[in-house]
Amino acid sequence: MVIAVAIDEATDEVRVLADGITYPVLMDPDHLLTELYAISNVPAVVWIDENGRIARPNASEFGTDMFSEFTGRTREGHFDQIRAWVREGVVPNDADSEIADLDDDELDARLHFRLAAHLRRAGDEAGAARHFDAAARLAPLDFTVVRAAMPLRGESPFGEEFFKLLEEYQEAGSPFHGITPAP
Amino acid sequence: MTTITVLGDEVATAAGEWVDGRPLVEPDGLSAAIGWTLKPEGLCRDDMCVPVRDRSAIEVGDKIDLAVAADTLDRPTLLDPETSAVVLGQPNATRQAALRDRQAPDFTFADLDGADRSLSDYAGKKRLLVAFSSW
């Protein structure tokens, strides 16, 4: 079964994305899942077996082929691997991949983000801006920190700031806490 | 005395004061804020107690240093006296058990209808956990 967790506080926007979906869709406005599983970008897919063991850790997998040209990976390739796991218990070779832990700055950035989001909800825009800035300084290429803050700061998630982030991210070799699957 | 906001697993408040940048809370406030109580055997919740290495660091007069308590519980901490807030991260050991030992951390979040759901509600099944967003 699928359990979807939105690393997001925009319930209305998520509701639109979840329209017609029958599996659970949960809201994680404080990004706690990113602390528990060392997630630094979305989508991140984790396979968890019947015993609560991680059968394949964080991987960048998309539910659509909208980004295939960019990722070199198709939705059907991932679905085939899931079918093999569900039916035969077979996992792909990359399932043994080690995922690096979050470092102290990445952890600290998450705490600043959480405080910023809290202050914003409480109406303290200046306090929120201060802590969104601190978070971005600590983890400048972490999408769950920097890009997630964009709509909360009144910036477009597809605006100038985003393309600047994307460029810096790609120049740095697209650092991601997870498997970037081979096509 | 002031109010200290504690962003832990939930948002809570505790009566206390900031002394030299340290968040000192009333013993009652500690339990209300983080669900753990300071006892002679250590920091305790239900039947579990975590030993406290330096008693004099955690107990300051009649108050408890919340940052030392968080450190004892292996939780990353952000102190912000300016907004009188303490942010507690998830325990480091939980994430490390996921990365090293492949133990999937449990979590509880509200679904779109506001009902709490946990990963462990679906134990015994193969689960595909998908983190996504609208941003």
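These figures come from a predicted structure and were not determined experimentally. (Residues numbered from 1 in each chain as written. Chains lettered and ligands numbered in written order. Predicted model: local features only at pLDDT ≥ 70, side-chain atom pairs only at ≥ 80, totals over all residues.)

A tally of helices and strands in chain A yields 8 helices and 4 strands. Each helix and strand of chain A, placed in order from N terminus to C terminus, yields the pattern β-α-β-α-β-β-α-α-α-α-α-α. On C-alpha atoms alone, chain A measures out to a radius of gyration of 17 Å, which is about the 16 Å that the 2.2 N^0.38 rule sets for 183 residues. Viewed in the frame of its principal axes, chain A has a C-alpha envelope of about 55 × 35 × 30 Å. Buried residues in chain A amount to 41% of all 183 residues. For chain A, long-range pairs separated by at least 24 residues make up 48% of all intrachain contacts whose partners lie at least 6 apart in sequence. (Helix = DSSP H or I, 4+ residues; strand = E, 2+ residues; numbered from the N terminus. Rg over C-alpha atoms; globule rule 2.2 N^0.38 Å. Buried ≥ 20, exposed ≤ 12 C-beta atoms within 10 Å, placed from the backbone. Contact = placed C-beta atoms within 7 Å.)

Moving on, we come to the domain arrangement of chain A. Interfaces are often described in size by the accessible area the parts lose on coming together. Residue and element names in this part refer to chain A. Annotation of chain A at the domain level lists domain 1 (4-96) and domain 2 (104-171). Each of domain 1 and domain 2 has a C-alpha centre, and the two are 22 Å apart. The interface of domain 1 with domain 2 comprises 12 residues on the first partner and 9 residues on the second. Broken down by class, the residue content of the side of domain 1 that touches domain 2 amounts to 5 nonpolar, 4 polar and 3 charged. (Domains from an automatic or database assignment. Nonpolar A, V, L, I, M, F, W, Y, C, P; charged D, E, K, R; others polar.)

On to the interface of chain A and chain B. The partner chain B presents 40 residues to the 58 residues of chain A that form the contact. At the level of secondary structure, the elements contributing two or more residues to the side of chain A that touches chain B comprise strand S1 (2-6), helix H1 (11-17), strand S2 (25-27), helix H2 (32-37), strand S3 (44-48), helix H4 (75-88), helix H5 (104-121) and helix H7 (146-152) of chain A. At 9 residues, H5 of chain A tops the list of elements feeding residues into the side of chain A that touches chain B. Partitioning the side of chain A that touches chain B into residue classes produces 40 nonpolar, 5 polar and 13 charged. When S3 of chain A meets strand S13 (residues 127-132) of chain B, the two strands line up antiparallel, connected through 5 bridges. Residue pairing across strands places Trp47 of chain A opposite Leu128 of chain B, the latter belonging to S13 of chain B. (Pairing = 2+ DSSP bridges.)

The next subject is the nonpolar core. Among soluble globular proteins, nonpolar side chains are generally buried collectively. Val5, Leu33, Ala135 and Val145 of chain A together with Leu30, Ala69 and Ala131 of chain B are the most contacted members of the largest nonpolar core, which totals 78 residues. Of the residues forming this core, the biggest block, 8 residues, is contributed by H5 of chain A. When residues of this core are assigned to domains, at least three map to each of domain 1 (4-96) and domain 2 (104-171) of chain A. When sequence neighbours within four positions are dropped, the list of residues in contact with Leu33 of chain A reads Val5, Ile7, Asp28 and Ile39 of chain A together with Phe107 and Ala131 of chain B. (Core = buried A, V, L, I, M, F, W, Y, C linked by C-beta atoms within 7 Å.)

All names here are of chain A. Here helix H6 (residues 125-138) is 14 residues long and its end C-alpha atoms lie 20 Å apart, about the 20 Å a rise of 1.5 Å per residue gives. Listed as buried for H6 are Ala128, His131, Phe132, Ala135, Ala136 and Leu138. Here the buried residues of H6 occupy an arc of 160° about the axis, which is enough to place them on one side. On its buried side, H6 packs onto H5 and H7. (Expected span 1.5 Å × (residues − 1). Arc of directions from axis to C-beta.)

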